[in-house]
Amino acid sequence: MIEVKDVYKKFDRHEVLKGVSLKVETGDVIVILGVSGSGKTTLLRCINFLDKADSGTLTIAGETVDLKHASKKEILTVRKKTAFVFQNHNLFNNKTALENVMEGLVIVRKVPKAEAEKRAKEALDKVGLAEKYDSYPSQLSGGQQQRVGIARAIVLNPEIIMFDEPTSALDPELVGETLKIMKKIADEGVTMIVVTHEMAFASEVANKVIFMDEGVIVEEGPPEEIFSNPKEERTRRFLKRILPESI
């Protein structure tokens, strides 16, 4: 349902993505692993046009766009089918939780305000924030702010949600609540690409794990295969450093 082919991206002279191709089927939960600087986040940002790729194509729902030369209309069409959950929440500090979740519906989707409010409340209820409609980001914990970010994504009913290290900015005791919400979303059949170092989440929830290094996909496969019997030496070295004994 979504496919990227031959994505290249440089920042100045540093080549971050070196011809990455990725195919995602409806209902997939794909976890992308790799050390910092391997290109994981840049790949997500290029898919959603938050960064402009130097070359490559994106096919979503049967329509193919050029990642470098896409028109504003094509970018908007892609963004209407996708949602992005940021590492650092990216909430509007002057808006309540409810207003933050409504924003995309009202401004981008042109949903009537009353309908947008109803849907936003349902999304906040789903992530356990029914009591926080009128709270501003400064009144919420980091975990609660991230859950507002997740509600803002799911309220759009996108075809795919991309998560960029959604727990890395959270205190350790707040990580579990965010992962629990993400697992709940995955269990509902929502297609997801998740950049994360949470190995337990990858093992339990993902149906495919991708390991990236130095701008390329080194290895991909089911989590039980990647974690138990990786084929590539680079994958083995990475997992040896971070993989808990319990997995």
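Rules of the game
- Residues numbered from 1 in each chain as written.
- Predicted model: local features only at pLDDT ≥ 70, side-chain atom pairs only at ≥ 80, totals over all residues.
- Heavy atoms only, no water.
- Helix = DSSP H or I, 4+ residues; strand = E, 2+ residues; numbered from the N terminus.
- Rg over C-alpha atoms; globule rule 2.2 N^0.38 Å.
- Buried < 20%, exposed > 50% of the residue type's maximum accessible area, 1.4 Å probe, protein only.
- Contact = heavy atoms within 4.5 Å.
- Areas by Shrake-Rupley, 256 points an atom, 1.4 Å probe, with all protein chains shown as cover.
- Lys, Arg positive; Asp, Glu negative; His and termini not counted.
- Charge placed at Lys NZ, Arg CZ, Asp CG, Glu CD.
- Phe/Tyr/Trp six-rings, centres within 6.5 Å; stacked < 30°, edge-to-face > 60°.
- Lys NZ or Arg CZ within 6 Å of the ring centre and 35° of its normal.
- Pairing = 2+ DSSP bridges.
- Axes fitted to C-alpha atoms, helices over the stretch in contact; angles between N-to-C directions.
- Core = buried A, V, L, I, M, F, W, Y, C linked by side-chain atoms within 4.5 Å.
- UniProt positions renumbered as here; feature names shortened; annotations may be inferred.
- Expected span 1.5 Å × (residues − 1).
- Arc of directions from axis to C-beta.

The next subject is the overall build of the protein chain. Counting its regular elements, the protein chain contains 9 helices and 10 strands. The C-alpha radius of gyration computed for the protein chain amounts to 18 Å, which stays within 12% of the reference 18 Å derived for 247 residues, consistent with globular compactness. Overall, the protein chain is about 55 × 45 × 35 Å in size when its C-alpha atoms are taken along their principal axes. Here the protein chain holds 247 residues, and 50% of them are scored as buried. Sequence-distant contacts, at least 24 apart, represent 62% of the contacts inside the protein chain between residues at least 6 apart. By element, 46% of the accessible surface of the protein chain is carried by carbon and sulfur atoms, the whole surface being about 12000 Å². For the protein chain, the distance from the average site of its 36 positive side-chain charges to the average site of its 38 negative ones is 5 Å.

Applying the stated criterion across every chain, the model contains 2 aromatic pairs. On the basis of an interplanar angle of 45° and a centroid distance of 4.7 Å, the ring pair of Phe 84 and Phe 86 is categorised as tilted. For the pair formed by Phe 84 and Phe 86, the shared burial category is buried. Sitting over the ring of Phe 11, Lys 9 keeps its end group 4.8 Å from the ring centre.

Ordered in space as β2-β1-β4-β5, the 4 strands form an open sheet in which the pairing is antiparallel. One side of each edge strand has no neighbouring strand; the edge strands of this open sheet are β2 (14–24) and β5 (63–66). Sheet twist, expressed as the average angle between the axes of neighbouring strands with direction ignored, equals 20°. The pairing of strand β4 (residues 55–60) with β5 spans 4 bridges and is antiparallel. Paired with Leu 58 across the two strands is Val 65, which belongs to β5.

Time to look at the nonpolar core. Among the nonpolar cores identified, the biggest contains 53 residues, and Leu 33, Leu 124, Ile 150, Met 192 and Phe 227 are the most heavily contacted of them. No other element matches helix α6 (residues 172–187), which puts 7 residues into this core. When neighbours within four sequence positions are excluded, Ile 150 is seen to be in contact with Val 85, Val 127, Phe 163, Thr 178, Ile 181, Met 182 and Ile 185. Among the nonpolar cores identified, the runner-up in size contains 30 residues, and Ile 30, Leu 67, Val 78 and Val 195 belong to it.

UniProt's entry tags residues 2–239 with the feature "domain: ABC transporter" (unreviewed entry), counted in the numbering of this structure. For residues 2–239, the end-to-end C-alpha separation is 28 Å, with 39% helix and 26% strand making up the annotated structure.

Attention shifts here to helix α4 (residues 113–126). Given a rise of 1.5 Å per residue, 14 residues ought to cover 20 Å, and the 20 Å separating the end C-alpha atoms of α4 matches this to within 8%. Along α4, the positions that sit buried rather than exposed are Ala 116, Ala 120, Ala 123 and Leu 124. Around the axis of α4, the buried residues are gathered within 95° of arc, so they sit on the same side. Packed against the buried residues of α4 are α3 (97–108) and α5 (142–154). Gly 128, located one to two residues past α4, shows a positive phi value of around 80°.

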